[in-house]
Amino acid sequence: KLSQEDVKEGKIISNVAIKMLEHNQPLTQKLASKISGSDDGYAGNSVIFGCGALGSKVILHLAKSGNTKLTLIDPDYISPHNLVRHSLFADDIGENKSKALVDKIKALFPFEQTAMFGGPSFKEGYLEKEDTFKKHEWILDFTASNSFFNKLSTLENINNCSTVSASISDFGNLGILYKEGVLRNPRIDDLQVYLYSESEKDIKIEKWLCSEKEAENSNNLLVSVGIGCNSESTVLSDDKISSHASYFSGAIKKEMSNKSEIGKIFLNKISDDPEYKIESKVLYVNPFEIYPMANNSKWTVRFRDNMTEQMKNAFRESGTFETGGVFLGICNYKTKTVHVTGIINAPADSKSNRVEFIRGREGLAEEISEIERKSGGQIGYIGEWHTHPEGPDGLSLQDMRSISRHKEELSQLIPPLPVFICLVTPNGLFPYIF
């Protein structure tokens, strides 16, 4: 920039400073997507429940990749201790987490509109309304709430959405993300039960669940299965939260740009003894076989893959003689769902003929106890099955007597178990619950 005093006879005579101007274009959602390597973009809207430490970081990863078609829901407000692990800062103390995140993301793109919305909750009854999620393609759950997890599992108006639920466990060292299959099969609760059942053959899952059980019994619980990290007393570093959030957001973005039909479980394991290291793993889960209870339409049984085939094979091998066994899995009163993850065929001391099956006990208690131990008490005995080679498709008089006896025994347990029994006949499977 020259003044008259700097020029004489058409020449610059002073030592004038030169300032270079930078060419700064405003940040747009399209530019953010390009810089992030996400040029293909993300189709559809997403609703995200839970904007705490984990959720806030995943949300910002998505937004900074140009994905701002987000509806954020969280009733909580920023407290000073949240700042150790949350994406927000001190100027947001006292603000609603979801609204503060929306404001921050909108400020990233000041010259264009975003589809962002934030609020403390849906209106009463709105969650269950038929058209609530019609405009949403993805539902992401970061609430770490068991009650909301159960609620989300049984919502009937999200069958056309892709649902994801993520949480942190193992004292902050294990991040778990469930991604449902097409048409919600497998569902998030199927995936959770599947993960627990893998403890029978995966020593790392066994050690995790046994550690959780031990911590629960000692009342030294820090971050457990499905428990959040919102408490001031929770010992959990920001870098561990960030590691899980980074892995989860990468997995979610990959699914959003190239959606898979199968169910998936993403595991992110952090260990720091003797060295700090991170390992990730993906489990692929086939659809569950689903049957309504023959005598109670409010209850459903969901079989892990190959479970029904195991019963049908035993049915064929036993010929005209009845056979049977017991079920392993989880019975959930909240969702009125029985998940079958394992089957034990008739013990060696069982007795059977063409019209009767008396299930034996040899080695059964020990086998069930070992499975319960490996799963930290998550997987256990849940019911019985037997065959009717020549029919009928319904329960016999002897079946009803056995059910009455089982009902009295199982009602004494804490918590009590319902009586779950399944018949296998030439015409198919017929499950009952009492």
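Anything mentioned here points back to the structure above.
A brief structural summary.

About the cut-offs
- Residues numbered from 1 in each chain as written.
- Predicted model: local features only at pLDDT ≥ 70, side-chain atom pairs only at ≥ 80, totals over all residues.
- Heavy atoms only, no water.
- Core = buried A, V, L, I, M, F, W, Y, C linked by side-chain atoms within 4.5 Å.
- Buried < 20%, exposed > 50% of the residue type's maximum accessible area, 1.4 Å probe, protein only.
- Helix = DSSP H or I, 4+ residues; strand = E, 2+ residues; numbered from the N terminus.
- Contact = heavy atoms within 4.5 Å.
- Pairing = 2+ DSSP bridges.
- Right-handed = clockwise from strand over helix to strand, strands pointing away.
- Salt bridge = Lys/Arg side-chain N within 4 Å of Asp/Glu carboxyl O.

1. Observations concerning the nonpolar core
Alright, step 1. Core analysis: the biggest nonpolar cluster contains 37 residues, and Phe133, Leu195 and Ile265 have the highest contact counts within it.
Alright, step 2. Tallying contributions element by element places helix H5 (residues 188–197) first for this core, with 6 residues.
Alright, step 3. Ignoring any residue separated from it by four or fewer positions in sequence, one finds Phe133 in contact with Val47, Phe49, Phe122, Leu127, Ile139, Leu155, Asn157, Ile158 and Cys161.
Alright, step 4. Membership of the second largest hydrophobic core comes to 36 residues, among which are Leu70, Leu72, Ala100 and Leu177.

2. Structural notes on the pairing of strand E3 (residues 45–49)
Alright, step 1. Judged by how many residues are buried, E3 sits mostly within the fold: 4 of 5 residues are covered.
Alright, step 2. Pairing between E3 and strand E6 (residues 136–141): 5 bridges, direction parallel. Bridging from a neighbouring strand, Asn45 pairs with His136 of E6.
Alright, step 3. In this structure, E3 lies alongside strand E4 (residues 70–73), joined through 4 bridges in parallel fashion. From the neighbouring strand, Ser46 faces E4, where its bridge partner is Leu70.
Alright, step 4. For the crossover from E3 across helix H2 (residues 53–63) to E4, the handedness is right-handed.

3. Details of the pattern of salt bridges
Side-chain pairs of opposite charge can arise where the charged atoms are in close proximity.
Alright, step 1. Taken as a whole and judged by the stated rule, the model has 23 salt bridges.
Alright, step 2. Between Lys104 and Asp91 there is a salt bridge; the shortest N-O distance is 3.7 Å. Of this pair, Lys104 sits in helix H3 (residues 97–108) while Asp91 sits in the loop between E4 and H3, and the two are 13 residues apart along the sequence.
Alright, step 3. Under the relative-accessibility criterion, Lys104 is labelled partly exposed at 31%.
Alright, step 4. Residue Asp91 is classed as exposed on the basis of its relative accessible area of 58%.
Alright, step 5. Notably, a salt bridge pairs Glu198 with Arg304, separated by 2.9 Å at the nearest N-O pair. Of this pair, Glu198 sits in the loop between H5 and helix H6 (203–217) while Arg304 sits in the loop between strand E12 (296–303) and helix H8 (307–317); the two residues are 106 residues apart in sequence, bridging distant segments of the chain. The pair formed by Glu198 and Arg304 is uniform in burial state, with each residue classed as buried.
Alright, step 6. Counted as one network, the salt bridges with shared partners bring together Glu198, Lys201, Arg304 and Asp305.

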